Amino acid sequence: MRALLRVLVSGMLALLMCFSAVAQTAEEQSLATLQDISQRLHRSDTVRGEFVQHRYLKILSRPLTSTGDFYFQQNLGARWRVVQPYPSTIHITAEGKVFTSEQGQPMAEEFGQLLLALLLIDSEQLSHHFQVKATTVDSQWSLTLTPHSDQWQQVVREISVNGDRAVRSIEIHENGGDRTVVSIDNVSHKPLLSDTEKSEFLQIVGQPAQ
Amino acid sequence: MLTGEKRGAIVWLLAVLLGAALVWCKGADLYRVETDLMQLLPSVDQQPAVNQGRKRLAETAERRVLFMVTGDKRSDVTDAGVQVQSTIRQSGFLQLLDQSVAQQQAADFYQQLLPYRYQLLTGAIVDQLEREPEKYLQDSKQLLYSPAAFARTRSLERDPLYLFGSYFEQLFPASLNANKGVLLGESAGVYHGLVVAEVDKGAFDLDQQERLLALIQTLRAELAGDLNLHVTGLPVYAASGSNRAQREIRLVGMGSLVGVVLLLIATFAAIRPLLLAILAIATGIGAAWTLSGFLFGQLHILTLVFGASLVGVAVDYCLHYFCSHLPGAVGYEGSSTRRRQVVRSMTLALVTTVVAYLTMASAPFPGLRQMAVFSATGLVFSWLTVVLLFPFFLRRFCWPRRQHLLSAASGLAERWGQCVVARRWFAMPLVLAVILGSVWLHSEDDVRQLQMPNADLKAQEESIKSALPSNFDSRFFVVEGTSETELLDRERKFAKGLQNLQREGDISGYQGLSQLLPNKQKQRENYRLLQQGLYDRGAVAGYLADLGFDDKLIAAEISAFKQSGERILSLGELMAVAPDHWKTLFLGCEGSNCRSIVRLQGVRDVTALQQLQLPAGVYFVDTVNDVSDVMATYRQKASLLLLLGIVAAAVLLSFWLGKRRALLAIGVPAVAIAITLGALGWLGETLNLFRIFALLLLLGIGADFGIFAVRQRHLAAHTALAIGLSAITTLLAFGLLSVSDTGAVRSFGQTLLIGIAVALLLSPVAARLQEQRNGE
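Residues numbered from 1 in each chain as written. Chains lettered and ligands numbered in written order. Predicted model: local features only at pLDDT ≥ 70, side-chain atom pairs only at ≥ 80, totals over all residues. Heavy atoms only, no water.

Participant: Now, about the state of the cysteines: what can you tell me, with residues and values included?
Facilitator: Residues and elements named next belong to chain B. Applying the stated criterion to the full structure yields one disulfide over all chains. Here Cys589 pairs with Cys594 through a disulfide, and the sulfurs are 2.0 Å apart. An S-S torsion of about 110° defines the bridge between Cys589 and Cys594 as right-handed. For Cys589, a relative accessible area of 37% translates into the label partly exposed. For Cys594, a relative accessible area of 3% gives the class buried. (Disulfide = S-S within 2.5 Å. Buried < 20%, exposed > 50% of the residue type's maximum accessible area, 1.4 Å probe, protein only.)

Structure representation (structure tokens):
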């Protein structure tokens, strides 16, 4: 009799757990996956890489193509540098402050923060502005971001990100039908940032050298 | 055959009917009340342009309420903001200033003005086009490659050179982040969500004020524990102020009313004298309002408040009249002689007070003039009521015997008078103390001090302001011109000075129509600049082809440019599509007078603003400061007139009473005023307009005390009782106001409290000094 009761209770508990697992919303699952993906990225003090950006504009017969490189340094921030055809840079501090080399880009601040969040798969930052759907297949993962903040909704329809141990590509679909594809290559964790790079960064973001 | 009493009543009735007829003709217009303090300035000091600007901005400010939720988590703040919005939507009296509406307005603006893109160039683009036009194209191309170039790439087809985009960005900077209609921001790790709403009626609607306070309470109750709600805006201040004032009036007002009623009923053992006293004062105020409304067109709220208080002097007449009827002690003259004497003293007191008050009319200040006429008319009509109507209503009234009260009053007064007169040496140190106190007394005319807003509300306003650095300052400029072109030219020229201030960090920004619209000539120049620098040289076609535009698109752009050569945007067309906060800036054109407002943001250095060179047709408006200035000017003028009033009353009285008695009579209020000023100095209080008005009232009441005291030969007991009753009623009615939390009200009450007490103590002394003379 006692044994029967125990079986019943444990059975009910198991059933309850099943229910709660099902009840876990798709979003929560995605968030869990997102955090998982974020952990899969190779954690290192330094990340360096190169990128090619193709901007497909509806009205242009050929894409605007640019290339450049980037680095990320823990506790310092990131630099996104376009080298070809026209040089320009964005510096983003670890606190999310954005410094651009050029005037006249209204969304530069928001974009800089998004870029940093995408490179690091910063789940908290991303879910502030976007609804995140994450899927994983073996070591490959992909994210689909749809904006829920008013400002991003005006510009972006969807962003998809693919990667494995690092982010491999970012594809931004704009509302008007324009599309930007950023492919990332040669990701490495060396060399560490040189002192010149560090002091240059600090100078641009207006902080005294440490 | 009519008796004298009936005749009097009929005359009174006719006068009242005449007044009623006047009201009938003019209608409710007579009773419209002006609340703008600026109207109190002499007309020479008032610029119509400044007034118009002030009114326009007040319209918006009077209705706007800002709600700000703060918390540590962005999503919590957003959710709470959404909750605040939905509660506001359901409130029924608050309208949300929806962010989506603002965005829609901005989008419409973009659509409507895009055709004018070749005319509306920003200063930076003009600079570049003037120096190296080709470089502009090169830079534009470069920017298209930048990773954050969404805005540019999106408008590439309709605005390939991003001319209009640059113009639009400058006007609608996306500073705060809107999410679900809540404006989000962050500073030092704390997120804040802002919701803006407007109340339906002005800030001073009582019913709405209550609902607003209730709504704020509901919102606070709905908020999660770790979130804070800050609310600010004129309606909130008004609601809190009026809520407080109502509470005070209920407490103090009801308390004093009950006191006065009980006192009068107890003294005269009936309700009729009380009702008659109320009737006399009501008639006075009613007549004063009607007649001065007729004379001045519209009365100011300040006139009403103080005028009505000044008419309160009339309660003295009633009390003296009633007391003279009380059956006297044995050995006094018959009551009819006494009554004749009282009426004569009363008339004398009336003339004196009216003359003293009418000196106020000599100043070129509308407020003081109104007040002079108001209080003088009010007193005359109250007096008329006492003289004409009271005999009729009191002819069969059975007066109670009040021997004990009378002899107690006269005994007290006599003993006090003797006691003081016997210790004359005391006058010297008293004079010294008064002089010392008066020297310490400083004036303080800042209206913010007088309003004494709730410290908690002030803190909420500060936190919202610090979260919103782009919030508009209360100071602004008004620009005037004879045409739209002149207006814009003047504003643009003047704005150069503001740009300098902005560079030096004295202000964080400004907003003016000239930023929005170049004048006609400049628009043509802009077009020519593009034409000569780029389009005519084929540079644009080359640039577009280089980017990858097909031939059709290139041809479309070139022809769009060619077709818009004659286009000129007028101020009228611009204002038709401009978002509300820009529309506010244009005050319109009346005849050959066009006016606009230039608003300021983030003012850090006020002196820099004040030192700014103001060209012809530009005015600096600092309403808070101006109101304080009005207060200061009125205080100075009113003090002077108070002095003049004392002198005029003394001269007048000396004709009737002789020099000595006139000096003694007017000495009561004069010395009371001096001692009050000294006492305020010792108490560490400051002098302001409201205290001066209290002193004016003290002059009226004190003069009554003095006149009756020195003319009391045959009615010492009745006069002493009447003066005592009058002092107590005045103290109850006004003196209790000294517990008020509102600075202005407290000043008024406290001054009267001290002054009336001193005048009460002085009148037996004056009587004693007069008796001594008679005895000699």
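Participant: Go over the sheet that holds strand β8 (residues 156-163) of chain A with me, naming the residues and quoting the values.
Facilitator: Pairing is antiparallel across the open sheet formed by ten strands, whose spatial order is β5-β4-β3-β2-β1-β10-β9-β8-β7-β6 (chain A). In the strand order of this sheet, the two ends are held by β5 (98-100) and β6 (130-137) of chain A, each with one partner. Sheet twist, expressed as the average angle between the axes of neighbouring strands with direction ignored, equals 15°. Pairing of strand β3 (residues 77-84) of chain A with strand β4 (residues 88-93) of chain A, which is carried by six bridges, proceeds in the antiparallel orientation. Among the inter-strand pairings, Ala78(A) is bridged to a residue of β4(A), identified as Ile92(A). Seen against the sheet, helix α6 (residues 195-204) of chain A touches β1 (46-56), β2 (64-73), β3, β4 and β5 of chain A and runs at an angle of roughly 85° to β4(A). Running at roughly 60° to β2(A), helix α6 (residues 133-145) of chain B makes contact with β1 and β2 of chain A of the sheet. (Pairing = 2+ DSSP bridges. Helix = DSSP H or I, 4+ residues; strand = E, 2+ residues; numbered from the N terminus. Axes fitted to C-alpha atoms, helices over the stretch in contact; angles between N-to-C directions. Contact = heavy atoms within 4.5 Å.)

Participant: Talk me through the pattern of salt bridges; I want residue IDs and the actual numbers.
Facilitator: A complete count under the given rule lists 16 salt bridges over all chains for this structure. Lys458(B) is the partner of Glu461(B) in a salt bridge, and the nearest nitrogen-oxygen pair spans 3.5 Å. Placement of the pair is Glu461(B) and Lys458(B) together in helix α19 (residues 455-467), with a separation of three residues, close to one helical turn. For Lys458(B), a relative accessible area of 33% translates into the label partly exposed. Here Glu685(B) ties to Arg746(B) by a salt bridge, and the two come within 3.2 Å at their closest N and O atoms. A residue pair is termed long-range when its members are at least 10 positions apart, and Glu685(B) in the loop between α28 (623-682) and β15 (686-687) and Arg746(B) in helix α31 (residues 743-775) qualify at 61 residues. Among the charged side chains, a salt-bridge network with shared partners connects Asp69(A), Arg79(A), Arg81(A) and Glu200(A). (Salt bridge = Lys/Arg side-chain N within 4 Å of Asp/Glu carboxyl O.)

Participant: Would you mind going over the side chain of Ser169(A) in detail, with residue names and values included?
Facilitator: By the element assignment, Ser169(A) lies in strand β9 (residues 167-174). Look past the residues within four positions of Ser169(A) in its chain and what remains in contact with it is Ser160(A), Val161(A), Asn162(A), Val182(A) and Ser183(A).

Participant: Give me the lowdown on unusual backbone geometry, citing residues and values where you can.
Facilitator: In the segment running from Gln84(A) into Pro85(A), the intervening peptide bond is cis, with an omega of -5°. Relative to the helices and strands, Pro85(A) is located in the loop between β3 and β4. Positive phi is not limited to glycine here, since Asn186(A) has a value of about 50°. Mapped onto the fold, Asn186(A) is located in strand β10 (residues 179-188). Judged by its relative accessible area of 53%, Asn186(A) is exposed. If you check the backbone angles, Tyr162(B) has positive phi at about 55° while not being a glycine. Topologically, Tyr162(B) is positioned in the loop between α7 (150-154) and α8 (163-171).

Participant: Got a sec to walk through the pairing of strand β5 (residues 182-187) of chain B? Specific residues and values, please.
Facilitator: Residues and elements named next belong to chain B. Note that β5 and strand β6 (residues 190-199) share five bridges and pair antiparallel. Within the sheet, the bridge partner assigned to Glu186 lies in β6 and is Tyr191. The antiparallel pairing of β5 with β6 creates a hairpin that spans two residues between the two strands, and Ala188 there sits at a positive phi of about 50°.

Participant: Could you give an account of the interface of chain A and chain B, naming the residues involved and the relevant values?
Facilitator: Contacts between chain A and chain B engage 36 residues on the former and 32 residues on the latter. At the surface where chain A touches chain B, the tally comes to zero salt bridges. Along the contact surface separating chain A from chain B lie four residue pairs in polar contact (both at pLDDT 80 or more). Secondary structure elements with two or more residues in the side of chain A that touches chain B: β1, β2, β3, α3 (108-120), α4 (123-129), α5 (150-155) and β9 of chain A. Sort the elements by how many residues they give to the side of chain A that touches chain B and α5(A) lands first, with five residues. Per-class residue counts for the side of chain A that touches chain B are 17 nonpolar, 13 polar and six charged. (Polar contact = N/O pair within 3.5 Å; in protein donor to acceptor, adjacent residues only side chain to side chain. Nonpolar A, V, L, I, M, F, W, Y, C, P; charged D, E, K, R; others polar.)

Participant: Outline the pairing of strand β7 (residues 228-232) of chain B, supporting the account with residue identities and numerical values.
Facilitator: All names here are of chain B. With four of five residues buried, β7 lies mostly within the body of the structure. In this sheet, β7 lies alongside strand β2 (residues 64-71) in antiparallel orientation, the contact comprising five bridges. Opposite Val69, over in β7, you have Leu229 as the bridge partner.

Participant: Describe the nonpolar core, and please don't skip the residues or the numbers.
Facilitator: All names here are of chain B. Core analysis: the largest hydrophobic core is formed by 103 residues, its most contacted members being Phe268, Tyr317, Phe322, Met360, Leu368, Phe390 and Leu697. No other element matches the 20 residues that α28 contributes to this core. Contacts of Leu368, omitting those with residues within four sequence positions, involve Met360, Ala363, Tyr634, Lys637, Ala638, Leu641 and Phe693. (Core = buried A, V, L, I, M, F, W, Y, C linked by side-chain atoms within 4.5 Å.)

Participant: Describe the confidence of the model for chain B, with residues and values.
Facilitator: Mean pLDDT over chain B: 82, with 91% of residues reaching 70 or higher. The element-level mean pLDDT for chain B is lowest in helix α18 (residues 447-451) of chain B, coming to 64, with β7(B) highest at 89. (pLDDT = per-residue confidence, 0-100.)

Participant: Talk me through helix α23 (residues 539-547) of chain B; I want residue IDs and the actual numbers.
Facilitator: Along α23(B), the residues that are buried comprise Ala539(B), Val540(B), Tyr543(B), Leu544(B) and Leu547(B). Looking straight down α23(B), one finds that the buried residues subtend no more than 130° of arc, so they occupy a single side. Looking at the packing, one finds that the buried side of α23(B) touches β2 of chain A together with α6, α22 (520-535) and α24 (551-563) of chain B. Downstream of α23(B) by one or two residues, Gly548(B) has phi in the positive range, about 115°. (Arc of directions from axis to C-beta.)

Participant: Give me the packing of aromatic side chains: which residues, what numbers.
Facilitator: In total, this model carries 25 aromatic pairs over all chains according to the counting rule given. Aromatic side chains Phe51(A) and Trp80(A) sit 4.1 Å apart centroid to centroid with 15° between the ring planes, which places their arrangement in the stacked category. Of this pair, Phe51(A) sits in strand β1 while Trp80(A) sits in strand β3, placing them 29 residues apart in sequence. By relative accessible area, Trp80(A) is classed as buried at 2%. Within the aromatic cluster, the residues linked to one another by ring pairs are Phe268(B), Tyr321(B), Phe322(B), Phe390(B), Phe397(B) and Trp399(B). If you follow Arg179(A) out to its NZ or CZ, it ends over the ring of Tyr56(A), 4.4 Å from the centre. (Phe/Tyr/Trp six-rings, centres within 6.5 Å; stacked < 30°, edge-to-face > 60°. Lys NZ or Arg CZ within 6 Å of the ring centre and 35° of its normal.)

Participant: Could you give an account of the packing of helix α11 (residues 272-296) of chain B against helix α13 (residues 314-325) of chain B, naming the residues involved and the relevant values?
Facilitator: All names here are of chain B. Interhelical geometry of α11 versus α13 gives an angle of 145° and a closest axis separation of 9 Å. The handedness of the crossing between α11 and α13 comes out as right-handed. Contact with α11, carried on its side by Pro273, Leu276, Ala277, Ala280 and Ile281, involves Ala314, Val315, Cys318 and Phe322 of α13 and no other residues of that element. Its residues assigned to classes, the contact of α11 with α13 comprises nine nonpolar, no polar and no charged. (Left-handed = near helix turned anticlockwise from the far one by under 90°.)

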